[in-house]
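# Commentary on secondary and tertiary structure
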Amino acid sequence: MTAPAESKSVTPARELASRLGLSFSDLTFLEQALVHSSYVHEQPAVGASNERLEFLGDAVISVIVSEALFERYPDDDEGSLTTRRAAVVSARGLSRIAQRLELGSYLRLGLGATSADERSRKSVLAATFEAVCGAVYLELGLARTKRWLRKVAEPELAEQGALDALKPSKSVLQERAYATTGRAPHYELLSDAGPPHARHYVVEVRVGGRAMGRGEGRSRREAETEAAGNALVALDAESAEPGARK
């Protein structure tokens, strides 16, 4: 007779709630936050995926992070605050938080997505964190969500590096390309292969007509981001060479 109670005590959502240091009277939303769309496609009886909670969590995170940065950096103008917020709420920033919380280990994925290692993909981890934030908000309210989110995102909120270092590499490359060539960088898709659940993209970026970086990823955006980062490294190396200045 004790088996059902024991089974209930070790559900992924209950275990995650304990890990997050949060007390849920109803785990329904948190359970849903851990259901990836690929799992629903293979197990339709499960019901809804975490996508609606992801939508809500995105808005909740934006408000809380914006307020936290507004208070923490009183001398920053709108542009600087926007840059800092973008760094925190980007897929990279949110996936870092998700990794610290080990959210990937609680996510319910379809077999194909599991085989493709979607559990470790930055965009998937970031979306899961957004969904979890949406669930926390619906169950515990804004004030409790704010205290919790500020705590788990403290390393990102406190990052005080140069603003250029916080900007997405594509944004920085675009600014540099316009400054040096008067044109935006051009991204060319070199290849797009693999099954639908495990696509592999290879992209090359050209600045002023010159190939400056190549990137790979599970989405075109990931590949372009990596290509931009590699192009910035190449441009920095060029500028550091003797006689590089004109």
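Use the structure listed above.
In what follows, the accompanying structure is described. Everything numeric in this text was worked out from a predicted model, so none of it was measured. (Residues numbered from 1 in each chain as written. Predicted model: local features only at pLDDT ≥ 70, side-chain atom pairs only at ≥ 80, totals over all residues. Heavy atoms only, no water.)

## Describing the packing of helix α5 (residues 51-72) against helix α9 (residues 122-140)
- Where α5 meets α9, the closest approach of the two axes is 7 Å, and the angle between their N-to-C directions is 80°. In this view, α5 runs roughly perpendicular relative to α9, as classed from their interaxial angle. The segment α5 lies against α9, with Leu53, Glu54, Leu56, Gly57, Asp58, Val60 and Ile61 engaging Ala127, Phe129, Glu130, Ala131, Cys133, Gly134, Ala135, Tyr137 and Leu138.
- Considered class by class, the residues forming the contact of α5 with α9 number 11 nonpolar, 2 polar and 3 charged. (Axes fitted to C-alpha atoms, helices over the stretch in contact; angles between N-to-C directions. Helix = DSSP H or I, 4+ residues; strand = E, 2+ residues; numbered from the N terminus. Parallel < 35°, antiparallel > 145°, perpendicular 65-115°, else oblique. Contact = heavy atoms within 4.5 Å. Nonpolar A, V, L, I, M, F, W, Y, C, P; charged D, E, K, R; others polar.)

## Notes on the side chain of Glu204
- If you trace the backbone, Glu204 turns up in strand β2 (residues 200-207).
- Judged by relative accessible area, Glu204 falls into the buried class, the value being 13%.
- Side-chain polar atoms of Glu204 contact the side chain of Arg206, separated by 3.3 Å. (Buried < 20%, exposed > 50% of the residue type's maximum accessible area, 1.4 Å probe, protein only. Polar contact = N/O pair within 3.5 Å; in protein donor to acceptor, adjacent residues only side chain to side chain.)

## Quick look at the pattern of salt bridges
- One pass over the full model with this rule turns up 17 salt bridges.
- We note a salt bridge from Glu71 to Arg150, for which the minimum N-O separation is 3.1 Å. Of this pair, Glu71 sits in helix α5 while Arg150 sits in helix α10 (residues 142-152), and the two are 79 residues apart along the sequence.
- Judged by its relative accessible area of 47%, Glu71 is partly exposed.
- With a relative accessible area of 25%, Arg150 lands in the partly exposed category.
- Notably, a salt bridge pairs Arg214 with Glu204, separated by 3.5 Å at the nearest N-O pair. One end of the pair, Arg214, is in strand β3 (residues 210-217); the other, Glu204, is in strand β2, and 10 residues separate them in sequence. (Salt bridge = Lys/Arg side-chain N within 4 Å of Asp/Glu carboxyl O.)

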